[in-house]
Amino acid sequence: NAGVTQTPKFQVLKTGQSMTLQCAQDMNHNSMYWYRQDPGMGLRLIYYSASEGTTDKGEVPNGYNVSRLNKREFSLRLESAAPSQTSVYFCASRLASTDTQYFGPGTRLTVL
Amino acid sequence: GENVEQHPSTLSVQEGDSAVIKCTYSDSASNYFPWYKQELGKRPQLIIDIRSNVGEKKDQRIAVTLNKTAKHFSLHITETQPEDSAVYFCAAKYNFNKFYFGSGTKLNVKP
């Protein structure tokens, strides 16, 4: 039981490049989330998926797209990376019955 | 939407003292309030949570209180230890699925 996993752990991009961050959970949770964490600003919700087949915007969705591939996997795509997207990205899944969120280890992304 | 404010941003206490971190939220519809501990370079981990129908919850040295009328909730850590040093985040669940986080409190426990 690996919990929530994310790939890659680190990534450096040039402005304008694209990439996809991958997230998977093996806890059979319905809801999954993508957050970004910037220094001094806590975690901000980018997108979430309440259940397989649905996605919704969070606080800061501009510049991102998501795909809920199946119940296990939820990916985050940057189509044209910008330096303002330099951040640590966390994926989380949630057990609906308790509302507890479980976080992945994070991806540290730098956009030059 | 929801807005969560957290104070203080940094807190330094002597080992054995108590620490209190406070959060306020704006939307009375929020009904679940978790607290997370994040060590440097690690993922946030849930340490305690409270629902809107409960006023206080304790787990050993950690407690959370909620005042729904005033829309604020607080984390209390008693008998602090050096291993309690970390960044603590409060959050509020809004509109069934969305979570809004405070900006974090860096707690330093001095031996």
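Residues numbered from 1 in each chain as written. Chains lettered and ligands numbered in written order. Predicted model: local features only at pLDDT ≥ 70, side-chain atom pairs only at ≥ 80, totals over all residues. Heavy atoms only, no water.

Draft legend 1. Representation of the pattern of salt bridges within the structure. Tallying each qualifying case throughout the model produces nine salt bridges over all chains. Measuring nitrogen to oxygen at the nearest pair gives 3.0 Å for the salt bridge that ties aspartate 38 of chain A to arginine 36 of chain A. For the pair shown, aspartate 38 of chain A and arginine 36 of chain A are each scored as buried. For arginine 77 of chain A, the salt bridge goes to glutamate 79 of chain A, with nearest N and O atoms at 3.1 Å. On the basis of relative accessible area, arginine 77 of chain A is assigned to the partly exposed category, the value being 30%. What emerges from the salt-bridge pattern is a single network uniting Arg94 and Asp99 of chain A together with Arg51 and Lys93 of chain B. (Salt bridge = Lys/Arg side-chain N within 4 Å of Asp/Glu carboxyl O. Buried < 20%, exposed > 50% of the residue type's maximum accessible area, 1.4 Å probe, protein only.)

Draft legend 2. Structural detail: the sheet that holds strand β1 (residues 4-7) of chain B. Residues and elements named next belong to chain B. Pairing in this open sheet of five strands is antiparallel, and the strands run β1-β3-β8-β7-β6 from one edge to the other. Either end of the sheet is taken by a strand with one partner, and the two such strands are β1 and β6 (56-59). On average, adjacent strands in this sheet sit at an angle of 15 degrees to one another, irrespective of strand direction. With six bridges connecting them, strand β3 (residues 19-25) and strand β8 (residues 72-77) associate as antiparallel partners. The residue of β8 that forms the bridge with valine 20 is histidine 76. (Pairing = 2+ DSSP bridges. Helix = DSSP H or I, 4+ residues; strand = E, 2+ residues; numbered from the N terminus. Axes fitted to C-alpha atoms, helices over the stretch in contact; angles between N-to-C directions.)

Draft legend 3. Structural detail: the interface of chain A and chain B. Listed by partner, the interface residues are 24 residues for chain A and 19 residues for chain B. Of the roughly 1,700 Å² buried at the junction of chain A and chain B (both faces included), carbon and sulfur atoms supply 52%. Of all residues in chain A, Leu43, Asp99 and Phe103 of chain A give up the largest surface area on contact with chain B, accounting jointly for 29% of the area buried on that side. If you look at where chain A meets chain B, you find two salt bridges. A salt bridge links lysine 93 of chain B to aspartate 99 of chain A; its shortest N-O distance comes to 3.0 Å. Counting across the interface, chain A meets chain B through eight residue pairs in polar contact (both at pLDDT 80 or more). If you list the elements that add at least two residues to the side of chain A that touches chain B, you get β4 (31-37), β5 (43-49), β9 (87-94) and β10 (101-103) of chain A. (Contact = heavy atoms within 4.5 Å. Buried area = accessible area lost by both parts, 1.4 Å probe. Polar contact = N/O pair within 3.5 Å; in protein donor to acceptor, adjacent residues only side chain to side chain.)

Draft legend 4. Highlighting the pairing of strand β11 (residues 107-111) of chain A. All names here are of chain A. With burial as the criterion, only one face of β11 is covered, namely that bearing Thr107, Leu109 and Val111; the residues Arg108 and Thr110 on the opposite face remain uncovered. Of the pairings in the sheet, the one linking strand β2 (residues 10-13) to β11 comprises four bridges and is parallel in character. Opposite phenylalanine 10, over in β11, you have arginine 108 as the bridge partner. Across three bridges, β9 lies against β11 in antiparallel orientation. Note on β11: the bridge partner recorded for valine 88 is arginine 108.

Draft legend 5. Main features of the nonpolar core. The biggest cluster of nonpolar side chains holds 26 residues, and the ones touching the most others in it are Trp35, Phe73, Leu75, Tyr88 and Leu107 of chain B. Secondary-structure elements contributing two or more residues to this core are β2 (10-14), β3, β4 (32-38), β5 (45-51), β7 (62-67), β8, β9 (86-94) and β11 (105-110) of chain B. In terms of residues, this core owes the most to one element, β9 of chain B, which gives five residues. For tyrosine 88 of chain B, the residues in contact, after removing those within four places along its chain, are Gln6, Ile21, Tyr36, Lys37, Ile47, Leu75, Ile77, Gly104, Thr105 and Leu107 of chain B. Among the nonpolar cores identified, the runner-up in size contains 19 residues, and Leu21, Met32, Leu76 and Val111 of chain A belong to it. (Core = buried A, V, L, I, M, F, W, Y, C linked by side-chain atoms within 4.5 Å.)

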